[in-house]
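# Coordinates in review
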Amino acid sequence: MANQPIGQSSGGILGAIERVGNRLPDPASLFLIAIIILIALSAALAGMGVSALHPATGKEVAAVSLLSAENIRRLFTDMPTIFASFPPLAMVLLVMMGVGVAEKTGLIGASLGALVRAMPKSLLTFTVIFAGVQSSLATDAGYVVLIPLAGLMFHSVGRHPVAGIAAAFAGVAAGFSSNLLITGLDPLLAGITQAAARLVDPAYEVPVTANWYLMMAFVPLFSIVGTIVLDRLVEPRLLATAPVPAGHVVTVETVTEAQQAAERRGLRFAGGALLLCVLAMLAAVLPEGAIFRDAKGTVEPFLKGLVAMLFAVFLIIGIAYGIGARIIRNDKDVVRMMGQSMADMGGYIVLAFCCAVFIALFGWSNLGVILAIEGAEMLKSAGIVGLPLMLALILVSALINILIGSASAKWAILGPVLVPMLMLVGVSPEATQAAYRVGDSFTNPITPLLPYFPLILIMCQRYVPGFGIGSLIATMLPLALWMGFAAVALFSGWVILDLPLGPGSAIHLPLR
């Protein structure tokens, strides 16, 4: 098994998924085929008059034909804007320019080598997944910073780099809604939930901390379950079915004494630069009236600007290391390294364009909204109550998550239907929101419609050129399913024990 050719899949369900997925065309071509199918489907459904009533606005949402003259004009006139405004694109390229300098100078390799020597290897997987779950504090920074670093970390200790990418991807994506602290998602969802609850009770208040206890409990659960699944199932399968070609990625090599001295000097320079960056950020955030606090005194501007700050920090410490290690001689070296890092992202840029166009057209067609509304109505008409109803809500949320990536966009559609409906049968709005959050995350790593899915695929292909969509889905499926099963089990225990979901309010779930 260990000598199988790259891309040869094993037997069983995962092997079948991988074989089918990898026989599909190139991911960019696959999105183009999906666009053609979507256009034809939208025209057919629009011709049939398919529609649904939006629960929030009360307006009819009809399927829209993408073959209409208006939408054809819109596609060609808006195409540059669609591509340029694709949410992950700017963030990925911005951060990768800074990370590229840190990587090309050798800072990342040297830092990872020092980190790996200090960290027990037995804790590497757990640490990566835990960091991925916690990365939701920095919105999407985990996708563009932590995931590629995890691949490098695993590779530097002789483990499969795609396993590192999978560990971080599982933590960032499947654990997106969980955190030990309150994140930007909490007030966003709470606001939608409160507006929906007030359709029944005009004075109802939903605190930002409504689901905090439950979301905290998911952090160690996901970290432990993800570690066991990755170490015992995912990585052994990767080693057997997708070995990294020898010499394909440069590993940490034995260096001379002079090189070690240059590396140590570079790390000292980078450490000093990092300390200055941290002090500057603290000065810009902690004092009252600091520049990264808004009028209300919150640190929301800091969180929104974190991606740009990460670019600046990686760039500064990368330059500092390069100067200290005498790798960077002048400004031309820095510009060259930034350009090289962008050249490495060429495949992702092409894939991002195709993905951006598909997602835009999917939104114009209204098909995703109609499917979400109909799914909520199916729950409403099922007539089930209590824990079975909560589990059905989790399932519907997980399935809809494959079609609509944004947590707030889905909840804006589902919340006004589900929150009032479940309030009338004794389920608190906070409990309904919690069930939605359980289902909303764990299918993230297995949906190609996730905006960052193309980026993850390109990262895997840096190590294993034959790694396709089927390989990535087959790799992530065990993690997504086991983390999903664990989340459902924990949530069910919360229901049975009637535990509070958050502080400041009596939040209970009925068993009948």
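The preceding data block contains the structure.
Basis of the calculations
Residues numbered from 1 in each chain as written. Predicted model: local features only at pLDDT ≥ 70, side-chain atom pairs only at ≥ 80, totals over all residues. Heavy atoms only, no water. Helix = DSSP H or I, 4+ residues; strand = E, 2+ residues; numbered from the N terminus. Contact = heavy atoms within 4.5 Å. Areas by Shrake-Rupley, 256 points an atom, 1.4 Å probe, with all protein chains shown as cover. Salt bridge = Lys/Arg side-chain N within 4 Å of Asp/Glu carboxyl O. Core = buried A, V, L, I, M, F, W, Y, C linked by side-chain atoms within 4.5 Å. Buried < 20%, exposed > 50% of the residue type's maximum accessible area, 1.4 Å probe, protein only. Expected span 1.5 Å × (residues − 1). Axes fitted to C-alpha atoms, helices over the stretch in contact; angles between N-to-C directions. Parallel < 35°, antiparallel > 145°, perpendicular 65-115°, else oblique. Left-handed = near helix turned anticlockwise from the far one by under 90°. Nonpolar A, V, L, I, M, F, W, Y, C, P; charged D, E, K, R; others polar. Phe/Tyr/Trp six-rings, centres within 6.5 Å; stacked < 30°, edge-to-face > 60°.

This brings us to the overall build of the chain. Scanning the chain for helices and strands turns up 21 helices and 2 strands. For the chain, contacts bridging at least 24 residues in sequence account for 79% of all contacts bridging at least 6. Carbon together with sulfur atoms contributes 69% to the accessible area of the chain, which is approximately 22100 Å² in total.

Right, let's talk about the environment of leucine 238 for a bit. Tracing the backbone through its elements, the reader meets leucine 238 in helix H10 (residues 212-241). For the pair formed by leucine 238 and alanine 163, sequence separation is 75 residues and the distance between their alpha carbons is 7.3 Å. The contacts of leucine 238, once residues within four sequence positions are left out, are His160, Val162, Ala163, Pro243, Phe467 and Thr475.

A word on the pattern of salt bridges. Enumeration according to the criterion identifies 6 salt bridges in this entry. Notably, a salt bridge pairs arginine 74 with aspartate 78, separated by 3.8 Å at the nearest N-O pair. Highlighted residues: arginine 74 and aspartate 78, both in helix H3 (residues 69-84), separated by 4 residues, approximately one helical turn. Measuring nitrogen to oxygen at the nearest pair gives 2.9 Å for the salt bridge that ties arginine 437 to aspartate 186.

With 145 residues, the main nonpolar core has Tyr143, Ile147, Phe169, Tyr348, Ile456, Phe467 and Phe491 as its most contacted residues. The biggest single contributor to this core is helix H21 (residues 469-497), with 13 residues. If we ignore the near neighbours within four places in the chain, the residues touching isoleucine 456 are Tyr143, Ile147, Ile165, Phe169 and Leu472. Within the second largest apolar cluster, 7 residues are counted, among which are Val101, Leu315, Ile328 and Val334.

Here the focus is helix H19 (residues 429-441). A rise of 1.5 Å per residue sets the reference length of H19, with its 13 residues, at 18 Å; its end C-alpha atoms lie 19 Å apart and thus fit the reference within 8%. For H19, the buried fraction is high: 13 of the 13 residues fall into the buried class.

With their axes 10 Å apart at the nearest point, helix H8 (residues 161-174) and H10 run at an angle of 150 degrees to one another. Taken together, the axis directions place H8 and H10 in an arrangement best described as roughly antiparallel. The handedness of the crossing between H8 and H10 comes out as right-handed. Residues Val162, Ala163, Ala166, Ala167 and Ala174 of H8 touch H10, and the partners they reach there are Phe222, Leu230, Glu235 and Leu238. Its residues assigned to classes, the contact of H8 with H10 comprises 8 nonpolar, no polar and 1 charged.

Now for the packing of aromatic side chains. Per the counting criterion, the structure on display carries 8 aromatic pairs. Judged by centre distance (6.4 Å) and plane angle (65 degrees), the ring pair of tyrosine 143 and phenylalanine 169 falls under edge-to-face. A residue pair is termed long-range when its members are at least 10 positions apart, and tyrosine 143 in helix H7 (residues 141-156) and phenylalanine 169 in helix H8 qualify at 26 residues. Neither tyrosine 143 nor phenylalanine 169 differs from the other in exposure class; each is buried. With a centroid separation of 4.3 Å and 5 degrees between ring planes, the pair formed by tyrosine 143 and tyrosine 452 is classed as stacked. Within this pair, whereas tyrosine 143 is found in helix H7, its partner tyrosine 452 is found in the loop between H19 and helix H20 (453-463), the two being separated by 309 residues in sequence. Taken together through their ring pairs, the aromatic side chains of Tyr143, Phe169 and Tyr452 make up a single cluster.

Here we take up the packing of helix H6 (residues 124-134) against H10. Interhelical geometry of H6 versus H10 gives an angle of 135 degrees and a closest axis separation of 9 Å. Relative to H10, the element H6 lies oblique. Crossing of H6 over H10 shows right-handed handedness. In this structure, H6 contributes Thr125, Phe126, Ile129, Phe130, Val133 and Gln134 to the contact, and H10 contributes Val219, Phe222, Ser223, Ile224, Gly226, Thr227, Leu230 and Asp231. Its residues assigned to classes, the contact of H6 with H10 comprises 8 nonpolar, 5 polar and 1 charged.

None of the figures reported here should be taken as evidence of function without further support.
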